[in-house]
Every structure is written in C-alpha cells, then in structure tokens.
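Fold and contact review
These are the residues of each chain, in order.
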Amino acid sequence: MKKNNFNSDDHLYLQVADGLEKMIAGEVLRIGDKLPSVRMLSDEYGISMGTAFQAYYHLEGRGLIESRPKSGYYVRFNHQRFPQLPDQVKPEAISHEVSVKDMITSIYGDIAAKDTINFAIGAPDASLLPTAKINKSVIHALRNTKDGCTGYEQTQGNLELRQQIAKLSFNWGGKVKPDEVIVTSGSLEAVMMCLKAVTNHGDTVAVECPTYFGIYQSIESLGLKVVEIPADAVNGLDLDALEKAIKKYPVKACVVVPNFNNPLGTCMSDERKKKLVDIITKNNISLIEDDIYGELYFGKMRPKTCKYFDTKGMVMHCSSLSKSLAPGYRIGWTIPGKYFEQVKQVKRIQNICSPSLTQAAMAHYLKNGRYEYHLKNLRKALHTQSLRYMQGIIQYFPADTKISRPAGGLTFWIELNSKVDSFKLRTEAMKHKISIVPGKIFSASIDYTNYIRLSFGKPWSDDADYGLMMLGKLIKKML
Ligand SMILES: Cc1ncc(COP(=O)(O)O)c(C=O)c1O
C-alpha cells in the first residue's frame, strides 16, 4: 500500500474525489470508462476501503460516476462536452420607467399548473423537503402557545425565530443579533419593504440584468425608474458598468442577487462583493441584497454575502426559507442595517406582522429539525439534478444551444438559436403540458427573445427526460 501524501486538513475522501474529478474534467477518464475497483483505489492512494467508498459515493452523488450492479463504477459525465455559455446582452445604460406587469401576468397564470412537466417553477420539489418534521413543528407550535398562535406577533417577528435566523448568519460569517432582524412574508416582501424604506416615487434604482422578474414588478409597482446593469454567467454584476451608471444617474438603491442569481446561477466572488460594497458605500447608495439562494451552493463552502463586507450599515440583507424549506410558509427576513427603523415602520404599515403560526413552527423546526442535515441532502440532490438535466439538454437540444453553469440555486439560463421565439416555444410546449419561462420577463428593456429559464428543482424522472426530449424537438422545428 502506498503512503498517501494528502493535505490532512481536508477530508481524505474529498481530496481523492477531487483528483478523480479533475481526471474526468481533463478527459483522462472519459464517459463510459470503468474506474478502479474500491480495493485498487484504496491500494493506489494509500487510503482505507471506507475512504475509497466515500470518494465514489461523493462522485456518484454529484452525478459524475455511476455504479453498475456487480460491475463497479463508471464515468457518466464529461465536462468537456459542456456547451458554450450564453452571451451577455448589454442593456443600454438609461434610466427608464418599468412596464413588465402585463407580460408577467400573461405567463404567471400557468407557471404552477399541476398537470404539467414543470420546468418553470423555481423551487425545490416537495419530495426534497422535510415535510413530516415541519408538520411536527406546526403541531408543537399549536400546542405550546397559550393562544394557539391566534394572536398578533410582534411587528419585528417571533423572537425565537429571529434567534435562529441570527444563528444562520454564522454560515456566511455574519455576527448578527436577533434585534437586527425583521421577519417578513418571504424574500420578495423583504426586498419590497427595503425599496419602500429608501426610495420615493420617481427615484432611480440600479438592478442587475437579467434578474428575477419579481424585482422588476416591485420596482414598477412603486413607480420607480430602473437602470439595468449587465450581469454575465461567470462574474455576475458588471461593476464598471454600475460605476458608470452611478455617475450618470442619481441612483438611490441597487438591488442584487449575488449568490446564484436567478436566472443565471452565478455567484459573485468575495473580491467583487467587497468591491460592490465599497462602491455603494462611497456613493451613499443603499444595497438591497437578496440572498435567497445562498444556502443552495454546490461547492464546498457557503458563499459570503455582501452584508459580510458592510461596515457602515448600507447593506439591506434579505432572504427567506422559500427555496430551502417551505415556500408556502412565507417566512423571510431582512437585516436592514442602518435603515432598521424605516423598514420596521414599513412592515407595520404594510401588514402589522407576519403570521404567528408559521413563524413559531419554523422557529421550532430550525432549532430541532436538523436543518443543516436537510440542507446537506438538498444541496447534493440539486447538484446531481443540475448535472442530469444538463446532460438531457445536451442530448436533446440543438448543438448551438448555450447553457449557464449554475454553481448553486435552481435554474439554468439557456440561449437558443436566434430564430427561436421563446414565447412561441412556451405556447407550443404548453400544448404538450410542458412549462418553461421565456427569457423576456427577466429584463425590463432587453428582449431576450431566444432565451429561456429552465428549473431543475424536480428530481430527474422519465417525465423530465420526455419533457426535455419534446422541448428539443419543438426547438428544432423552429429553426
Ligand atoms: C431572487 C428571488 N428573490 C425572491 C424570490 C421570491 O422569494 P419568496 O418566495 O421568499 O418571497 C424569488 C423566487 O423565485 C427569487 O428568485
């Protein structure tokens, strides 16, 4: 047996798995190649059989290899076959009114239609959520409050829940106190409240483009103007373009989804997050950070937040449990820094408080439900799904299809041939009971006509395989 010379800080199995992954990425190991037996791997690397098994389980969990009964492990995925990244389309840096309501309403009606193969909804499938444990927490909450949660909660939110939310901030290096947190009904309400707190009708807000259509809707409903800042599938928000826009327009606030932005799935590097915070601080602009996907990372570490780099209270951090635990419970929060009082007042005026029962239940779940364990499984499942869906797209879509490489989150951003109108594609797909989201609704000014967002929140299945195959056929028909 060889003596291993691995770095003892990391888990041994991860180091072995990383080495194998690099060999797969570099096509030293190709699709269909048989991997060494567990015994051979153990001898070769000087590790125990248990560690060798763990390395293979890890790679299997990531969809890179598969075990075949009585035969061993085989490579099932090859990074080299990844298609190109979608092009970055640069919006004109002009401040303009927003008009996205009708367009979004027209597609939102059937986004969650029950009997469809749903690639549209950006949430994890219910089968990936710890429903039984959550139910227990609801019963506990009902039985253990004097009034069965019939009364109003504090405007700021249930104290135990705020304690748990403050604890969650440790994951990104935050040192948040429960007093700094305001509970909201989801992340979108948090973003909306923050916008209300720091802007007035007619003000200009900078947003990354493309971005989640709910953010445009919030901006439109408040009568704000928007200046769209390009974001790409590798680095996220273009900071130079942001600085130029700030010089040109009186930007009051900037809204960004730095971790696994919807639809691109990109994660801004720490360096860029820090630079972003420096830019907004220097220019006295509030940064509304929507970190709703931060826990859904596919790498080894939870990415930091912009809030982590904030020393002056300029970052209004927003997030929720919608993408990781229970979208229907409508539990979100904001940590709005120096704008705390303004945001709390908005919450009071808007809806007094969030519902008492779901807050108490989520507080109990976060304290007792093994949330970290659930998240670990959820991340693994989503990462595997993303790789499997990617394989399906490569197999069925035309060769010129360009796909983002989400490093976390739930969605692919896909650029199709310029002849494809994704609104028409959606109409055709709905005839086959397949739903997708056309790219157009992820910007207020760019058409993104030939782009779609495709969610991989559902576990891979024959239906998903059929859905992608049929979408591929419909796209090819449009060429
Ligand atoms: C970036 C972003 N923010 C907010 C939301 C809505 O979150 P919530 O359900 O917590 O209000 C979504 C949902 O897709 C999203 O993608």
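Quick caveat: nothing in here was measured; it's all calculated off a predicted structure. Sequence order sets the numbering: in each chain, residues are counted from 1 along the sequence as written. Confidence filtering applies because this is a predicted model: local features only for residues at pLDDT of at least 70, side-chain atom pairs given and counted only at 80 or more, and all residues used for totals across whole chains, interfaces and linings. Excluded from the side-chain calculations are hydrogens and water; all other atoms, namely the structure's heavy atoms, are used.

1. Things to note about the side chain of serine 324
Inclusion rule: For the purposes of this entry, the term helix denotes a DSSP run of H or I that reaches at least four residues, the term strand denotes a run of E that reaches at least two, and both are numbered from the N terminus. Burial classes follow relative accessibility: with a 1.4 Å probe on protein chains only, a residue under 20% of its type's maximum area counts as buried, one over 50% as exposed, and anything between as partly exposed. Whenever two N or O atoms come within 3.5 Å, that pair is a polar contact, provided that in protein one can donate a hydrogen and the other can accept it, and provided that, for residues adjacent in sequence, both atoms are side-chain atoms. Contacts are assigned to residue pairs with any non-hydrogen atoms lying within 4.5 Å of each other.
Summarising the element assignment, serine 324 is placed in the loop between strand S11 (315-320) and strand S12 (332-335). For serine 324, a relative accessible area of 4% translates into the label buried. A polar side-chain atom of serine 324 sits 2.8 Å from a polar atom in the side chain of tyrosine 371. Setting aside its immediate chain neighbours within four residues, serine 324 contacts Leu129, Leu296, Tyr371, His374, Leu375 and Leu378.

2. Notes on the packing of aromatic side chains
Quick note on the threshold: Aromatic pairs are defined between Phe, Tyr and Trp rings, using the six-membered ring for Trp, whenever the two ring centres lie within 6.5 Å; interplanar angles under 30 degrees are classed as stacked, those over 60 as edge-to-face, and all others as tilted.
For the coordinates displayed, the defined rule picks out 14 aromatic pairs. Between phenylalanine 119 and tyrosine 389, the aromatic rings sit 6.1 Å apart at their centres with planes inclined by 90 degrees, giving edge-to-face as the arrangement. Pair noted here: phenylalanine 119 is in the loop between strand S4 (117-118) and helix H5 (131-143) and tyrosine 389 is in helix H13 (residues 371-396), with a separation of 270 residues, a long-range link. Centre to centre, the rings of tyrosine 365 and tyrosine 371 are 6.1 Å apart; their planes meet at 80 degrees, and the pair counts as edge-to-face.

3. Structural notes on the nonpolar core
So the rule is basically this: For our purposes a nonpolar core is just a set of buried Ala, Val, Leu, Ile, Met, Phe, Trp, Tyr and Cys residues, chained together by side-chain atoms within 4.5 Å.
Of all hydrophobic cores here, the largest spans 101 residues; its most connected members are Phe119, Leu276, Phe397, Leu454 and Leu471. Looking at this core, the element that brings in the most residues is helix H7 (residues 187-198), giving eight residues. If we skip the residues at most four places from it in the chain, phenylalanine 119 touches Tyr389, Ile434, Ser435, Ile436, Arg453, Leu454, Ser455, Ala464, Gly467, Leu468 and Leu471.

4. What to know about the state of the cysteines
In plain terms, the rule: Two cysteine sulfurs form what is called a disulfide whenever their separation falls within 2.5 Å.
Taken as a whole, this structure holds zero disulfides when the rule is applied. Of all cysteine sulfurs in the structure, the one in cysteine 254 sits closest to cysteine 209, which takes part in no disulfide; the separation is 13 Å. Cysteine 254 carries a free sulfur, and the closest cysteine sulfur to it, the one in cysteine 306, is 8.7 Å from it. Residue cysteine 254 is classed as buried on the basis of its relative accessible area, which comes to 1%.

5. Digging into the sheet that holds strand S13 (residues 402-403)
The cut-off we apply is this: Paired strands are those between which DSSP finds at least two bridges. Each axis is a line fitted through C-alpha atoms, and for a helix only the stretch in contact is used; angles between axes span 0 to 180 degrees, taken between their N-to-C directions.
The strand order across the open sheet built from four strands is S13-S14-S17-S16, with neighbouring strands paired in antiparallel fashion. Among the strands making up the open sheet, the edge pair consists of S13 and strand S16 (437-438). Relative to the sheet, H13 contacts S13, strand S14 (411-415) and strand S17 (451-455), its axis offset from that of S14 by approximately 20 degrees.

6. Side note on the site of the ligand
Rule in force here: Proximity is defined per residue: any heavy atom of the residue falling within 4 Å of a molecule or strand makes that residue near it. All accessibility values rest on the Shrake-Rupley procedure with a 1.4 Å probe; residue burial counts only the protein chains present in the view. When residues are grouped by polarity, Ala, Val, Leu, Ile, Met, Phe, Trp, Tyr, Cys and Pro land in nonpolar, Asp, Glu, Lys and Arg in charged, and all others, Gly among them, in polar.
What surrounds the ligand is a group of 13 residues, the closest being Ser187, Asn262, Asp290, Tyr293 and Ser322. Between the ligand and serine 187 there is a distance of 2.7 Å, counted from an oxygen atom to a backbone nitrogen or oxygen. The contact in question runs from an oxygen atom of the ligand to an N or O atom on the side chain of serine 322, over 2.6 Å. Notes on the ligand: free accessible area 400 Å², of which the protein chains cover 92%. Across the shell around the ligand, the residue classes tally to five nonpolar, five polar and three charged.

7. Description of the domain arrangement of the protein
Rule in force here: Just so you know, the domain bounds were taken from an automatic or database domain assignment.
The domain architecture assigned to the protein consists of domain 1 (12-75) and domain 2 (148-368). Computed from C-alpha coordinates alone, the two centres of domain 1 and domain 2 are separated by 40 Å.

8. Brief notes about the packing of H7 against helix H11 (residues 340-351)
Helix packing for two helices is described by the angle between their axes and how far apart those axes are. Threshold: A clockwise turn of the near helix away from the far one marks a right-handed crossing, whereas an anticlockwise turn of less than a right angle marks a left-handed crossing.
Contact pair H7 / H11: the axes reach a minimum separation of 9 Å and the direction vectors enclose 115 degrees. Where H7 crosses over H11, the two elements pack in a sense that is right-handed. Contacts between H7 and H11 involve Glu189, Met193, Cys194, Lys196 and Ala197 from the first element and Gln342, Val343, Val346, Lys347, Gln350 and Asn351 from the second. Its residues placed into classes, the contact of H7 with H11 shows five nonpolar, three polar and three charged.

9. Observations concerning the side chain of serine 218
Tracing the backbone shows serine 218 in helix H8 (residues 213-221). Exposure remark for serine 218: the relative accessible area of 5% places this residue in the buried category. Among the polar contacts made by the side chain of serine 218, one reaches the main-chain carbonyl oxygen of glycine 214 at a distance of 2.9 Å. Ignoring sequence-local partners within four residues, the contact set of serine 218 consists of Leu188, Met192 and Leu195.

10. Notes on the environment of lysine 274
Tracing the backbone through its elements, the reader meets lysine 274 in helix H10 (residues 270-282). In this structure lysine 274 comes out as partly exposed when scored by relative accessible area, which is 41%. Sequence separation between lysine 274 and cysteine 306 is 32 residues; the distance between their C-alpha atoms is 6.7 Å.

11. Details of the environment of valine 256
Looking at the element boundaries, valine 256 is found in strand S9 (residues 251-256). The class of valine 256 is buried, set by a relative accessible area of 0%. Separated by 44 residues in sequence, valine 256 and tyrosine 212 place their C-alpha atoms 9.8 Å apart. Not counting chain neighbours up to four residues away, the residues in contact with valine 256 comprise Glu208, Leu237, Met268, Leu276, Leu287, Ile288, Glu289 and Asp290.

12. Description of the pattern of salt bridges
Let me state the cut-off plainly: Note on definitions: salt bridges are taken to be side-chain nitrogens of Lys or Arg within 4 Å of carboxyl oxygens of Asp or Glu.
In the structure shown here, the tally under the stated rule is 14 salt bridges. When the shortest N-O distance is used, the salt bridge between glutamate 295 and arginine 302 registers 3.5 Å. Residue glutamate 295 is classed as buried on the basis of its relative accessible area of 10%. For arginine 302, a relative accessible area of 10% corresponds to the buried category. One salt-bridge network, in which partners are shared between bridges, spans Asp291, Glu295, Arg302 and Arg379.

13. Some thoughts on H10
Rule in force here: Expected helix span is given by 1.5 Å per residue-to-residue step, counting one fewer step than there are residues. Working note: the arc is built from the helix axis to C-beta atom directions.
The terminal C-alpha atoms of H10, which comprises 13 residues, lie 18 Å apart, in line with the 18 Å expected from a rise of 1.5 Å per residue. Those residues of H10 that sit buried are Lys273, Leu276, Val277, Ile279 and Ile280. In a view along the axis of H10, the buried residues occupy a sector of 160 degrees, so they form one face of it. Exposed residues lying more than 90 degrees from the buried face of H10 are Glu271 and Lys282. Against the buried residues of H10 lie strand S8 (236-237), helix H9 (239-248), S9, strand S10 (286-290) and S11. Once H10 finishes, asparagine 284 follows within two positions and takes phi at roughly 55 degrees, a positive value.

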